[in-house]
Amino acid sequence: MLTFSALKKIAVGVALAAAPFATARMNAQNLTLEGQTGGFITPTAYVVLTAKDHVWSHPAVGYHFVNASSVIGYVHTFSIEEGVANRFEFGYTRSVHTKGNDPNFSGLWDYSGMNLFNAKVVGIKDGQFGPWTPGIGAGFIVRTDDKFVSGALNQELGGSLKSYTNGDVYVAATKTWLHPPVPFLLNFGLKMTNASIYGLGGQATRFGGRLFGGLGIPIPLSHNIAAVPAVGFTQEPPQVVNLKPILFPPGTGAHIPTTMDYAVRITQRDNPHFAFDIGIGHVAGVIGDTAVATGVPNPPYILVPIDLKANKVVGTGLSFRY
């Protein structure tokens, strides 16, 4: 099996070979899993493209699917996004969820989904003040009717199911460089959030800052098509509401790792209207242990690892701009 280091060397080598052909202006961005313009998961400092001499864009639509069926379940998202004057975008995403296959823990995700609303403004366009100037954008996303994990545990601990509202406020800096020696797409940002794993992991215990980012290498293919292998990351809040009381030993905190995604995007090099993504994500494995009563005196309970079995989840996405 190839290591990530080896894959990175291969990608860079191919990019170097392809660099002389990467001269056209290509914006390999399209809709994320949550509906903003960006990579597979993380938003960038770009918005839905508006045609010259127009104020409103044609809408962009997207569908994404994530298979985390072992415990979390299947996630489908349906998005629509509208751009304004190449400076602003706003949109809506419906996240549809089906239950996973684990008899012990999948009940924490036995809910139909949630609603997501987003908006973004670009303050500085990529290249606005010179070829090396990155784009700077800021935006937000609000998730409503989130019952996952925290809401489900509220029912177990307090007797009532609770729907949470959480969100992100973020700033992103993004640079697309399509010249020798190495073409690249680089994105880095900071978000303030109170959601764990984009709301799928429940409600974070506080509103705090988390870093995110990604790197892609555009590789021109034939017929105006380009492939962009990329890697992205998002730091996650350290704790989740209502999760600590079920962890053992008492007072133990959960281990929520940084979310990683390794994906390839296929899109058009010039004036892109579509993008197809496929990738693998590292979400979470064992996040802690819980004590389960045995019903017998000896032993009175056993420790059961809370294993989300989401170290390797497969995701796909398709975006289209009219």
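Note on numbering: residues in each chain are counted from 1, in written sequence order. Local features in this predicted model are restricted to residues whose pLDDT is 70 or higher, and side-chain atom pairs enter the listing and the counts only when it is 80 or higher, whereas totals over whole chains, interfaces and linings include all residues. Only hydrogens and water are set aside; all other atoms, that is, all heavy atoms of the structure, feed into the side-chain values.

Peer 1: Go over the side chain of T50 with me, naming the residues and quoting the values.
Peer 2: Strands here mean DSSP runs of E at least two residues long; helices mean DSSP runs of H or I at least four residues long; both are numbered from the N terminus. With respect to the helices, strands and loops of the structure, T50 is situated in the loop between β2 (37-38) and β3 (60-68). The buried label applies to any residue whose accessible area, calculated with a 1.4 Å probe on protein chains only, is under 20% of its type's maximum; exposed applies above 50%, and partly exposed to all values in between. On the basis of relative accessible area, T50 is assigned to the buried category, the value being 3%. We call two residues in contact whenever any of their non-hydrogen atoms come within 4.5 Å of each other. Setting aside residues no more than four positions away along its own chain, T50 makes contact with V55, W56, S57, G83, V84, A85 and N86.

Peer 1: Run through a nonpolar patch on the surface, naming residues and quoting values.
Peer 2: Within the patch definition used here, like charges are joined within 9 Å and nonpolar side chains (Val, Leu, Ile, Met, Phe, Trp, Tyr) within 5 Å, considering only residues with over 30% relative accessible area and no salt bridge. Using the Shrake-Rupley algorithm and a 1.4 Å probe, accessible areas are obtained, with residue cover drawn only from the displayed protein chains. Here, a salt bridge means any Lys or Arg side-chain nitrogen found within 4 Å of an Asp or Glu carboxyl oxygen. Together, F117, F140, V142, V169, M192 and F207 line one region of the surface with nonpolar side chains, adding up to about 500 Å² of accessible area. Turning to its location among the elements, F117 is positioned in strand β6 (residues 113-124).

Peer 1: Describe unusual backbone geometry, listing the residues and the values that go with them.
Peer 2: The omega torsion across F248 and P249 is 0 degrees, close enough to zero to call that bond cis. Mapped onto the elements, P249 comes out in the loop between β12 (225-234) and β13 (259-268). Cis peptide bonds are those with omega within 30 degrees of zero, and the linkage from N298 to P299 qualifies with -5 degrees. Its location among the elements puts P299 in the loop between β15 (284-293) and β16 (301-310). You will see that D53, though not glycine, has its phi angle at about 70 degrees, which is positive. Among the secondary structure elements, D53 is positioned in the loop between β2 and β3. With a phi angle near 65 degrees, N224 is a residue other than glycine that sits in the positive phi range.

Peer 1: Let's hear about the pattern of salt bridges: which residues, and what values?
Peer 2: Tallying each qualifying case throughout the model produces nine salt bridges. Here E34 ties to R143 by a salt bridge, and the two come within 2.8 Å at their closest N and O atoms. Taken together, the positions of E34 in the loop between β1 (30-31) and β2 and R143 in strand β7 (residues 135-146) put the pair 109 residues apart, joining distant regions of the chain. Across this residue pair, the class does not change: E34 and R143 are buried. K309 is paired through a salt bridge with D102; the nearest N and O atoms lie 3.7 Å apart. Placement of K309 in strand β16 and of D102 in the loop between β5 (88-98) and β6 is noted, with a sequence separation of 207 residues between them. K309 sits in the partly exposed class, given a relative accessible area of 44%. On the accessibility criterion, D102 (11% relative accessible area) is buried.

Peer 1: So what about empty space enclosed by the protein? Which residues, and what values?
Peer 2: For cavity detection a 1 Å grid was placed over the protein atoms alone, and a set of points counts as a cavity when a 1.4 Å probe fits there but cannot get out; an open set counts as a pocket when protein lies on both sides within 12 Å along at least five of seven lines, with lining residues being those that have an atom within 4 Å of a point. Grid points are joined across faces, edges and corners, and a volume is the space filled by probe spheres set on the points. Applying the stated rule across the entire model yields seven cavities of 30 Å³ or more. Quantified by volume, the second largest cavity comes out at close to 260 Å³. Taken together, 22 residues form the lining of the second largest cavity, with L33, I41, V66, V283 and V313 sitting closest to its centre. Listing elements by their share of the lining of the second largest cavity, those giving two or more residues are β3, β13, β14 (274-282) and β17 (313-321). It is β13 that contributes the most residues to the lining of the second largest cavity, five residues altogether. Here the residues of the lining of the second largest cavity sort into 17 nonpolar, four polar and one charged. When residues are sorted by character, Ala, Val, Leu, Ile, Met, Phe, Trp, Tyr, Cys and Pro go into the nonpolar class, Asp, Glu, Lys and Arg into the charged class, and all the rest, Gly among them, into the polar class.

Peer 1: Lay out the confidence of the model for the protein chain with the relevant residues and their values.
Peer 2: Every residue carries a pLDDT, the predictor's confidence in it, which falls somewhere between 0 and 100. For the protein chain, the average pLDDT comes to 90, and 91% of its residues sit at 70 or higher. Confidence drops under pLDDT 50 across residues 6-25; counting only partners more than four residues distant or on other chains, this segment forms 31 contacts.

Peer 1: Could you give an account of the packing of aromatic side chains, with specific residues and numbers?
Peer 2: Only Phe, Tyr and Trp rings are paired, with Trp represented by its six-membered ring, and only when their centres lie within 6.5 Å; those with planes under 30 degrees apart are stacked, over 60 edge-to-face, the remainder tilted. Overall, the coordinates contain 11 aromatic pairs when judged by the stated rule. Between F65 and Y74, the ring centres sit 5.9 Å apart and the planes meet at 15 degrees, which makes this aromatic pair stacked. What links up through ring pairs into an aromatic cluster is the set W56, F88 and F90.

Peer 1: Break down helix α2 (residues 150-158) for me, with residues and values.
Peer 2: Within the sequence span of α2, burial applies to S150, G151, A152, L153 and N154. Of the surrounding secondary structure, the elements contacted by the buried residues of α2 are β8 (164-177) and β10 (203-216). Looking one or two places after α2, you find G159, whose phi comes out positive at around 90 degrees.

Peer 1: Give me the lowdown on the environment of K191, citing residues and values where you can.
Peer 2: Residue placement: K191 occurs in strand β9 (residues 184-195). Separated by 18 residues in sequence, K191 and G209 have C-alpha atoms that sit 5.6 Å apart.

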